[in-house]
Amino acid sequence: MKFELHYLKCRHLIEQDDWGQFTRSEPSRPSPQEARYSLHTLTRFFLQDNRTPPMAALYIQAEHNFVKLFWKRLEKIGKLAETNSLDALAQIDDNRVHLEQCLDLLIREGAVPDVSKTKRFHKQYSVCMTWELFLDISKRLKFCQNVAERALKQGNRRSYCFYKAMEAEQLVAKFQYGKAIQMLQKPFAILEELESIDQEEKNSMKLVKALLHYVKAHAFGCMQKNGDALSEIKTSLQQCKSVSGNSYFAARLVNQQGAIYMNMGKYMESLDCHLNAYEILKKSAASDLLLDVPTYLMNIGTGYSEMGKDVRQQKPLEAIKHFEKAIDYYDRSLSTEKRLHMDEYIKTALTLKNKAMAYCHLHRLSEGLRMAEQSLTIRRKYLPQTLALFIY
């Protein structure tokens, strides 16, 4: 039986469980069962070339154990991402082989994690949030699609609705807005049926319904159907606030409401929402090293910039103050991106462009030109040159 220890070490299959030095919310050492998830991985690779019936049974059990135990690890990384995304990124890098293997197995076998309680909903949403750190949109879409179908086959209809909502969210990211809205019809119908027959755990159902309304609002907003989008996001917030306080999920709902108000030209309402979303994050976490913080800070800056443009003719001095506040928030957004090692991407280019426009409104043209050139340099890395020429 071929067995190379060096090969296993290279695949991260034998490792010291160092979770204690990363987590701040749970400083105690992990249980032996949790810490030994790597042993199950080792067993899988040890048995996979020896498929006699007894060995095959052991192999299948090792696969199930691996998914079950490593998913708990993934939930902890998700929880950490809600308070310190930089540490979560380090954990993901250390566990990348395991993550990819776990997701691949979960698509094909194993029980789908449930969202039957409020706490379980937030855990699964945290896990979905970590996907944004290491999975591209196409992989997230495939994962959600397969897990949702397996949840339905297992009779776990609440989890089916949750993952269909997440699948629809990936479709929105791929600009397939109509398809995303159509996909949500079946989950909405299932939740209505569950509410009529299941009198327990209604809070978790409200959160899943809030997620469905949120995705629908996002799709409508992208289609510029702002009235429909605003109605959906208000319903989503009503469902969420009735059962859940400050959370990462709640902050995203409020931020989405701000984006809708921005599309409607209601800049004061938009700014209030983006400021509120940022405050919710600060209350729910001890650190500002969070994935959504640069976006929220940029949105606040954009709100101030739009308010400045709105009053620059009638109240020029007030407009100047708004533009200066916008630049301050853009700088904070760019600074946080650097601390998270998320700079030099398309999001950075957008913030730099917005900052350049604020400088132009203040007639600080040389500074605006420098920001615009930096933005264009980044965009040219990701867009064909012919498109980059027409960005402005």
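To start, this report covers the structure provided alongside it.

What counts and what doesn't
Residues numbered from 1 in each chain as written. Predicted model: local features only at pLDDT ≥ 70, side-chain atom pairs only at ≥ 80, totals over all residues. Heavy atoms only, no water. Helix = DSSP H or I, 4+ residues; strand = E, 2+ residues; numbered from the N terminus. Buried < 20%, exposed > 50% of the residue type's maximum accessible area, 1.4 Å probe, protein only. Contact = heavy atoms within 4.5 Å. Expected span 1.5 Å × (residues − 1). Arc of directions from axis to C-beta. Salt bridge = Lys/Arg side-chain N within 4 Å of Asp/Glu carboxyl O. Axes fitted to C-alpha atoms, helices over the stretch in contact; angles between N-to-C directions. Parallel < 35°, antiparallel > 145°, perpendicular 65-115°, else oblique. Left-handed = near helix turned anticlockwise from the far one by under 90°.

A few words on unusual backbone geometry. Positive phi, close to 70°, is recorded for Phe 175, a residue that is not glycine. With respect to the element layout, Phe 175 can be found in the loop between α10 (157-173) and α11 (177-183). Taking relative accessible area as the criterion, Phe 175 reaches 64% and is therefore assigned exposed. One non-glycine residue, His 341, lies in the positive phi region at around 60°. Within the fold, His 341 resides in the loop between α18 (316-339) and α19 (346-361).

Turning our attention to the environment of Ile 233. Checked against the element boundaries, Ile 233 lands in helix α14 (residues 226-241). Using a relative accessible area of 0% as the deciding quantity, one classes Ile 233 as buried. C-alpha of Ile 233 to C-alpha of Ala 210: the two residues are 23 residues apart in sequence and 8.3 Å apart in space. Once you skip the residues sitting within four places of it in the chain, Ile 233 turns out to touch Tyr 214, Ala 217, Leu 253, Gln 256, Gln 257 and Ile 260.

Here helix α12 (residues 185-197) contains 13 residues, and its C-alpha end-to-end distance of 19 Å stays within 8% of the 18 Å for a straight helix at 1.5 Å per residue. Residues Pro 187, Phe 188, Ile 190, Leu 191 and Leu 194 constitute the buried set of α12. All buried residues of α12 project into a common sector of 160° when viewed along the axis, lining one side. What points out from α12, more than 90 degrees from its buried face, is the exposed set Gln 185, Glu 192, Ser 196 and Ile 197. Buried residues along α12 sit against α10, α11 and α13 (202-222).

Right, let's talk about the pattern of salt bridges for a bit. Applying the stated criterion across every chain, the model contains 14 salt bridges. Here Lys 355 ties to Asp 331 by a salt bridge, and the two come within 2.4 Å at their closest N and O atoms. Here the residue Lys 355 occupies a position in helix α19, and Asp 331 occupies one in helix α18, the gap between them amounting to 24 residues. Taking relative accessible area as the criterion, Asp 331 reaches 32% and is therefore assigned partly exposed.

One way to put it is that helix α17 (residues 293-311) packs onto α18 with a least axis distance of 8 Å and a crossing angle of 165°. As the angle between them shows, α17 and α18 are arranged roughly antiparallel. The crossing of α17 and α18 is left-handed.

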